[in-house]
Every structure is written in C-alpha cells, then in structure tokens.
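The lines below spell out each chain.
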Amino acid sequence: DYLRSYGGQPFHLMDHLKRLQSSADQIGLDMPYDLEDVADITHRLIEKNQDPNVGIRFVLTGGESSSSLIPDDKSSLAILIQPLSELPAELYEQGATLITSHLQREFQTVKSTSYIGAIMAMREAKKQGAVEALYVDSQGQISECTRSNFFVVKDRKIVTPAENLLPGITRQVVMNYAAEIAPLE
C-alpha cells in the first residue's frame, strides 16, 4: 500500500492500513503486526525523517520460502519512507491527458506489487504524451486509472465506477465530501 504525508501527518493512515489488511486477507498473507503498532511505527519513521511531506510504502510479503515459491508461514512487513514524486503544478491548472488501456489490474480489489499491467499501460501513455492510463474492460466499462481513481462531473453530479476496482482511500474521501454538496451516481 502507498500513501503520502502532509506536514508530517500520514493521509488517512488507518484507512490505508485496513486496505493493506484486506488485500493481505484476500491473497492469504498474515499481517505480522497489529495495525495500531504499524501506525505507531509509521509515525515514528516520519518524525525521524527530515521532510514532513513524504511517500510511505508498505510492502507485505509472504516472507521466506523453503520451496522457493510458496511462502512459509511467517510474513514480513517493510515500511519505506521515500521522497514524493509530484506532478507539475500546471497539470492541476491546465488539465492532463490520459489514454485508455485494455490492460487490467490482475486482482482488482487487491493492492499488490504486481504492477506489470500498470507499467505497460503507463509506458503507452508516456509514448502518447499522456500522464495517466484509464483501464477499460472488454465490455467498455471503465474502472480506474493505473495510480488513481476516476471521476466525471456532469450536470453537478459526480459519476464514478462502483465495482471491479481497488477501494481507493482518496476516492472514498472525495465521495464523502462530495455527498455533502452534490448527488453521486
């Protein structure tokens, strides 16, 4: 899982950790620590960092494997603090181009390190001068982008896919705020 901090505060940390737990449960990995302990460790790592605005990556693995394939029963968790890679400010003012891609997330509701589809879609996006790729399935239904959720605002209504996508934390925050001011579809 991945999130960022703002002024030293991780963005919806417990929501991200719950999604990490959900992803782990879906693929049969045990979380080796209590989520409250992981949150505490994360806060301490941010405090030790010189920059209050960082990317935070949680990598949960099956751990060692005596068969060189199937993980043994001792999962490993790494918490990585890294510099942010932010988009240029003009994209927020002028908009950004995206392409569609028929590649899909392998397990749509699982946040994992299986990025091959996203990497291939983003390579194509970059080649076409776009900053993001939108997943479209064989029936023409959109789900999400490689690194973000997708919303359309039309006639003061917000439209966003409801299924077959990663449960985005920012997506839920946007939907909660938007529900206060406009209807959702």
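Predicted model, so just to flag it, every value in this text is computed and none were measured.

*Asks:* What's the story with the pattern of salt bridges in this structure? I'm lost.
*Replies:* Pairing is possible between side chains of opposite charge, provided their charged atoms come close. Overall, the coordinates contain five salt bridges when judged by the stated rule. Close ionic contact of R105 with E144 constitutes a salt bridge, the shortest N to O distance being 3.2 Å. Of this pair, R105 sits in the loop between strand 5 (98–101) and helix 4 (116–127) while E144 sits in strand 7 (residues 142–145), placing them 39 residues apart in sequence. When sorted by exposure, R105 lands in the same class as E144, which is buried. Note that E124 is salt-bridged to K127, the shortest N-O span being 3.4 Å. Note that E124 and K127 are positioned in helix 4 at a spacing of three residues, about one turn of the helix. Exposure remark for K127: the relative accessible area of 66% places this residue in the exposed category.

*Asks:* Is there a simple way to think about the sheet that holds strand 2 (residues 9–10) in this case?
*Replies:* The strands that make up a sheet pair up through hydrogen bonds in the backbone, lying either parallel or antiparallel. The antiparallel open sheet is built from four strands, whose spatial order is 2-1-3-4. The open sheet is flanked by strand 2 and strand 4 (76–82), the only strands paired with a single partner. Direction of pairing for strand 1 (residues 2–6) relative to strand 3 (residues 55–61): antiparallel, over a ladder of three bridges. Among the inter-strand pairings, R4 is bridged to a residue of strand 3, identified as G55. Here helix 1 (residues 13–27) sits on the sheet and contacts strand 1, strand 2, strand 3 and strand 4; the angle it forms with strand 3, its principal contact strand, is near 25 degrees.

*Asks:* Would you explain helix 2 (residues 35–48) in this entry?
*Replies:* Owing to its 3.6 residues per turn, the α-helix aligns residues three or four sequence positions apart on the same side. Between the first and last C-alpha of helix 2 there are 20 Å, a value that for 14 residues agrees with the 20 Å anticipated at 1.5 Å per step. L35, V38, A39, T42 and I46 are the residues of helix 2 that are buried. Down the axis of helix 2, the smallest arc covering the buried residues is 100 degrees, so these residues share one side. For helix 2, the exposed residues set more than 90 degrees away from the buried face come down to E36, E47 and K48. Along its buried surface, helix 2 packs onto strand 1, strand 2, helix 1, strand 3 and strand 4.

The rules behind each value
- Residues numbered from 1 in each chain as written.
- Predicted model: local features only at pLDDT ≥ 70, side-chain atom pairs only at ≥ 80, totals over all residues.
- Heavy atoms only, no water.
- Salt bridge = Lys/Arg side-chain N within 4 Å of Asp/Glu carboxyl O.
- Helix = DSSP H or I, 4+ residues; strand = E, 2+ residues; numbered from the N terminus.
- Buried < 20%, exposed > 50% of the residue type's maximum accessible area, 1.4 Å probe, protein only.
- Pairing = 2+ DSSP bridges.
- Contact = heavy atoms within 4.5 Å.
- Axes fitted to C-alpha atoms, helices over the stretch in contact; angles between N-to-C directions.
- Expected span 1.5 Å × (residues − 1).
- Arc of directions from axis to C-beta.

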